[in-house]
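This is what each chain is made of:
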Amino acid sequence: MRIRVAGGLGVFGRRVVPSLVRQGHTVFATTRSPTRVRALEQLDAHPIVADVLDDEAWDGATQRARPEVVLHLLTDLGTGDPTSNAHLRAVGTQSLVGAADRAGARVVAESISWVNPPSSAPADEATPLYLQAGEPRRTIAGVAALEAAVIGSHGVVLRCGQLYGPGTWFAREGRHGLAARAGSLVVPSAVASFVEADDAARAFVQALAWPSGLVNIVDDEPAGGREWGPAFAAAVGGTPPQVDDSNGIGRPVRNRAARQLGWDPSAASWREGFTQL
Ligand SMILES: NC(=O)c1ccc[n+]([C@@H]2O[C@H](COP(=O)([O-])OP(=O)(O)OC[C@H]3O[C@@H](n4cnc5c(N)ncnc54)[C@H](OP(=O)(O)O)[C@@H]3O)[C@@H](O)[C@H]2O)c1
């Protein structure tokens, strides 16, 4: 298959591109930076330099690649600024989906799992988004726009839990790992879900064959920071974190749909996954 990977060098792209190449697909992978082209070539992808916020240039590059599938693995989290990430999800996704539609390509997109109203009752893909949220309202609005655009064009959206593993914030040398070792890590008490980054990346490859819709890609054990925080800190050689109670109770999320589709994570729980960090 001809596959365009939007975001070839992000936390997912670096994992997904080599898997697709190994499976024999022709992969066109993007970066905004000419200095990163070589890194894409080293993954055996055909590099494309393009910014999704430049609608015309993005569309031209998409049409030239003639993809059958576009993987939307774009986030703007490098700076930690939620506003630019929400803008990318809303405006960038419009550009990406429009170009994919014109090329006749299907979209498989990355989203997040912490999007439902707080409750102790587990949420699944049919649970409405928490559109009335205070902060992070911008985040939820961006997610809502991304998901509406992708589902509206008959694509697949994978709502991933908090990623951990090499190259993520939840790694020994990642943002939270360094904070844990410096004794400055603060974790929310709110219930949330994790997923190991390689497990989540495998879901994107499998989703090429999945029907249109939302799918939660999370492990089997949602938990609050009082449980997972000390385990994470211990795993990276840090001290137990401070727990912040100001973010409500959170929401457990089910992964039944993903498991029924055949997704079988190697780390069924962060309890075992963190021990590999
Ligand atoms: N579910 C989760 O918990 C989750 C999900 C994703 C990320 N994260 C965290 O966020 C951290 C940073 O993520 P990341 O490494 O993936 O980096 P990132 O800075 O969020 O970038 C991700 C990808 O998006 C591309 N991109 C961003 N803006 C773009 C635009 N306007 N046009 C085209 N491409 C654009 C980047 O390409 P170029 O920079 O090459 O141009 C890159 O390939 C990770 O370490 C991870 O811990 C967490």
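See above for the structure.
Bear in mind the structure is a predicted one, so any value in this text is a computation, not a measurement. (Residues numbered from 1 in each chain as written. Predicted model: local features only at pLDDT ≥ 70, side-chain atom pairs only at ≥ 80, totals over all residues. Heavy atoms only, no water.)

A. The layout of surface pockets, seen in detail. In this structure, the second largest pocket spans a volume of roughly 170 Å³. Lining the second largest pocket we find Tyr 164, Gly 165, Pro 166, Ala 171, Glu 196, Ser 266, Ala 267, Glu 272, Gly 273, Gln 276 and Leu 277. Considering only residue class, the lining of the second largest pocket consists of five nonpolar, four polar and two charged. (1 Å grid on protein atoms, 1.4 Å probe; cavity = no way out; pocket = protein on both sides within 12 Å on 5 of 7 lines; lining within 4 Å. Points joined across faces, edges and corners; volume = space filled by probe spheres on them. Nonpolar A, V, L, I, M, F, W, Y, C, P; charged D, E, K, R; others polar.)

B. Structural view of helix α6 (residues 175-182). Those residues of α6 not exposed but buried are Gly 177, Ala 179 and Ala 180. Mapping the buried residues of α6 onto a view down its axis gives an arc of 160 degrees, with all of them on the same face. Structurally, α6 contributes buried residues whose contacts are with α8 (225-235). Positive backbone phi, approximately 75 degrees, marks Gly 183, located one or two places after α6. (Buried < 20%, exposed > 50% of the residue type's maximum accessible area, 1.4 Å probe, protein only. Helix = DSSP H or I, 4+ residues; strand = E, 2+ residues; numbered from the N terminus. Arc of directions from axis to C-beta. Contact = heavy atoms within 4.5 Å.)

C. Here's a closer look at the site of the ligand. The full set close to the ligand counts 28 residues, and Thr 31, Arg 32, Arg 36, Thr 75 and Trp 169 are the nearest of them. Within the backbone of Gly 10, an N or O atom sits 3.2 Å from an oxygen atom of the ligand. One nitrogen or oxygen atom from the side chain of Thr 75 is found 2.5 Å from an oxygen atom belonging to the ligand. Starting from 900 Å² of accessible surface for the ligand in isolation, the protein chains cover 89%. A per-class count over the shell around the ligand returns 13 nonpolar, ten polar and five charged. (Near = heavy atom within 4 Å. Polar contact = N/O pair within 3.5 Å; in protein donor to acceptor, adjacent residues only side chain to side chain. Areas by Shrake-Rupley, 256 points an atom, 1.4 Å probe, with all protein chains shown as cover.)

D. Fine view of the pattern of salt bridges. According to the stated counting rule, one finds eleven salt bridges in the structure shown. Asp 59 is paired through a salt bridge with Arg 102; the nearest N and O atoms lie 3.0 Å apart. Highlighted residues: Asp 59 in helix α3 (residues 55-65) and Arg 102 in helix α4 (residues 82-103), separated in sequence by 43 residues. Between Arg 181 and Glu 173 there is a salt bridge; the shortest N-O distance is 3.2 Å. By relative accessible area, Arg 181 is classed as partly exposed at 34%. Bridged by salt links that share partners, the residues Asp 220, Arg 259 and Asp 264 form one connected network. (Salt bridge = Lys/Arg side-chain N within 4 Å of Asp/Glu carboxyl O.)

E. Representation of the packing of aromatic side chains within the structure. This structure, assessed with the given rule, holds ten aromatic pairs. Relative to Phe 204, the ring of Phe 12 has its centre 4.8 Å away and its plane inclined at 55 degrees; by these criteria the two rings are tilted. Taken as a pair, Phe 12 in the loop between β1 (2-6) and α1 (13-22) and Phe 204 in helix α7 (residues 197-206) lie far apart in primary sequence, 192 residues in all. We classify Phe 12 as buried; its relative accessible area is 2%. Under the relative-accessibility criterion, Phe 204 is labelled buried at 0%. Aromatic pair Phe 170 and Phe 232: ring centres 5.1 Å apart, planes at 80 degrees, arrangement edge-to-face. Remark: Phe 232 occurs in helix α8 and Phe 170 occurs in the loop between β7 (162-164) and α6; sequence separation between them is 62 residues. For the pair Phe 170 and Phe 232, one class covers both residues: buried. Through pairs of rings, three or more aromatic residues link up here, namely Tyr 164, Phe 170, Phe 194, Trp 228, Phe 232, Trp 270 and Phe 274. Positioned above the aromatic ring of Trp 58 is the side chain of Arg 4, whose terminal nitrogen or guanidinium carbon lies 4.1 Å from the ring centre. (Phe/Tyr/Trp six-rings, centres within 6.5 Å; stacked < 30°, edge-to-face > 60°. Lys NZ or Arg CZ within 6 Å of the ring centre and 35° of its normal.)

Don't take any of this as a statement about function, it's just geometry.
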